[in-house]
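Each chain, written out:
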Amino acid sequence: MTTTDGRARQDGSVPRESVPPRAVDGLAARTHRPRRRWPRITAVAVVVGILAAAVVIGVSALLPPSYTGRVGLLALPTENSGSALLNQSGVSTSYGEVVSLAMPSISDVVASPTLLDAVSRAVPGSPSADDLASGVSVELLSGSGVARVSVAAADPAVAGKLAEAVGNEVIRANLLAPAGELRLLDPRATVLQTSPDMGLATGIALIAGLVAAGAAVLVMRPFRARPGAGHAALEAVTLAGRGPATLLDGDDPALVERARVLVRAADRPVRVVGASPGVADSVLALQSDLATGPRTESDATPSVLVVVDRADARREDVDDALGALPEGAAVLAVVVV
C-alpha cells in the first residue's frame, strides 16, 4: 500500500486514510457485536437446560405423595387333603390343579363391591369403596402359589391397613377349600412410596433439559447468510450505480481469500465500510486482514467492501454508507456478518 504522499508503508498495514472516517467513527460509537456467537449461545443453552430440568423436578416434588401397601398370600394344602381329591362330580382333581384354577380368581374377589365396602368401613381414614377400587391390584407369581395384593392410598398407615384388610377378606373367601387355604406371608403389610418417583423425575428432567437446550441452540444459532439481508444490500448497490457486486458470507472461513481475489482483480485501494449497527469489529478486522496485498497509488478511486448485519440490515443504512463514498468508487462485494 502507499500513503497519500506516494510513499509505500513498509509494514504493509493499511493507512488510516484508507478507512473512511464515517465508517470508523460512526460505527465505533455503536454497540459492538462479536462475530463469534457460539460461546454466548452455549451459555444460554446450558442455563435454559438447567432451568427446564429444575422445573420438572420442582413440579414432581410438589405432587401429592402416594403410598402402596402390599401383602403376600401363600397357597398351602390343608392337612386332610391328599394327593388327589374328588370334586362334586366324582372326578379326581390334584391340589396343583385346584391352585392353578383358583388363584386367578383373587383378582375378581378383591374387585367385588362387597369386599371393598367391608374394607372401607373397617379401616379408619379409608377412601370410599369406589375410590378404593382403582387403587387395588393383584399380581400372581406363576408356579409359586403366591399372590401379591397391593392397595394405594395417600397415607402410608392407611395404605398398610387397607392391604392387610383386603388380604384377610380374600383368606375368608376360602377360594382353595377343601384342597388348601391361603395365608398371609407376613401379617404386617409392606408400605412403599410410589409417587412422586424422584428417580423417574430425574430422568425426565434430564431429557427435558437436553430438549430445551437443543431448542435454545436452534433458536439462537448464527444462521448462514440470509438472502434477504444480502440481496437487499446488493439491490441498493445496483440502484446507486456502484455495482456489479458479489455477496460474501462473513462466517465463510475463506472470506479473506475471496475478498483478496476481488481486490487484486480491481487493482485499487480497498475500503471496508460498515452499513449496519454493530459491525464495527467486523469492519476493522476485515480491513486489517486485507492490509497485505498489491501496492496501489492511494489517490486512485477506491474499491469498497460493504459490511451489513444479517439480522439488522436496513436499506436506509446501506444507502447512507453508499452516499458517503467518493465519486466513482465501486463496490466489489457485500459481506453479510
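Everything numeric here is computed off the predicted structure, so don't read it as measured data. (Residues numbered from 1 in each chain as written. Predicted model: local features only at pLDDT ≥ 70, side-chain atom pairs only at ≥ 80, totals over all residues. Heavy atoms only, no water.)

### Side note on the sheet that holds strand 8 (residues 246–249)
At step 1: Spatially, the four strands line up as an open sheet ordered 8-11-10-9, and their pairing is parallel. In this open sheet, the two strands that pair with only one neighbour each are strand 8 and strand 9 (270–274). Strand-to-strand twist in this sheet, taken as the mean axis angle between neighbours without regard to direction, amounts to 25°.
At step 2: Where strand 8 and strand 11 (residues 330–336) come together, four bridges link them in parallel fashion. In the sheet register, Thr246 faces strand 11, and the bridge partner there is Ala333.
At step 3: Its contacts with the sheet place helix 10 (residues 255–266) against strand 8, strand 9, strand 10 (303–308) and strand 11, and it is angled at close to 150° to strand 8. (Pairing = 2+ DSSP bridges. Helix = DSSP H or I, 4+ residues; strand = E, 2+ residues; numbered from the N terminus. Axes fitted to C-alpha atoms, helices over the stretch in contact; angles between N-to-C directions. Contact = heavy atoms within 4.5 Å.)

### Looking at helix 8 (residues 198–220)
At step 1: Here helix 8 is 23 residues long and its end C-alpha atoms lie 32 Å apart, about the 33 Å a rise of 1.5 Å per residue gives.
At step 2: Within the span of helix 8, buried status applies to Ala201, Ala205, Gly209, Ala212, Ala213 and Ala216.
At step 3: Of the surrounding elements, those touching the buried residues of helix 8 are helix 2 (38–62). (Expected span 1.5 Å × (residues − 1). Buried < 20%, exposed > 50% of the residue type's maximum accessible area, 1.4 Å probe, protein only.)

### Section: unusual backbone geometry
At step 1: Cis peptide bonds are those with omega within 30 degrees of zero, and the linkage from Ala177 to Pro178 qualifies with 0°.
At step 2: Here Pro178 shows up in the loop between helix 7 (156–172) and strand 6 (180–184).
At step 3: In the Ramachandran plot, Asn174 falls in the positive-phi region, its phi being about 50° despite a non-glycine side chain.
At step 4: Looking at the secondary structure, you find Asn174 in the loop between helix 7 and strand 6.

### Regarding the UniProt feature "transmembrane region" (unreviewed entry) in the protein
At step 1: The sites that UniProt annotates as "transmembrane region" (unreviewed entry) are residues 41–63 and 198–219.
At step 2: Structurally, residues 41–63 comprises 96% helix and 0% strand, and the distance from its first C-alpha atom to its last is 33 Å. (UniProt positions renumbered as here; feature names shortened; annotations may be inferred.)

### Here we look at the confidence of the model for the protein
At step 1: Overall, the prediction assigns the protein a mean pLDDT of 78, with 79% of residues at 70 or greater.
At step 2: In the predicted structure, residues 88–92 sits below a pLDDT of 50 and forms five contacts with residues beyond four places in sequence or in another chain.
At step 3: Confidence drops under pLDDT 50 across residues 223–227; counting only partners more than four residues distant or on other chains, this segment forms 13 contacts. (pLDDT = per-residue confidence, 0-100.)

### Notes on the pattern of salt bridges
At step 1: Scanning the model with the defined rule gives six salt bridges in all.
At step 2: With a shortest N-O distance of 2.6 Å, Glu181 and Arg183 are connected by a salt bridge.
At step 3: The salt bridge involving Glu257 is made with Arg260; its shortest N-O contact spans 3.3 Å. One end of the pair is Glu257 and the other is Arg260, both in helix 10 and three residues apart, which spans about a single turn.
At step 4: By relative accessible area, Glu257 is classed as partly exposed at 45%. (Salt bridge = Lys/Arg side-chain N within 4 Å of Asp/Glu carboxyl O.)

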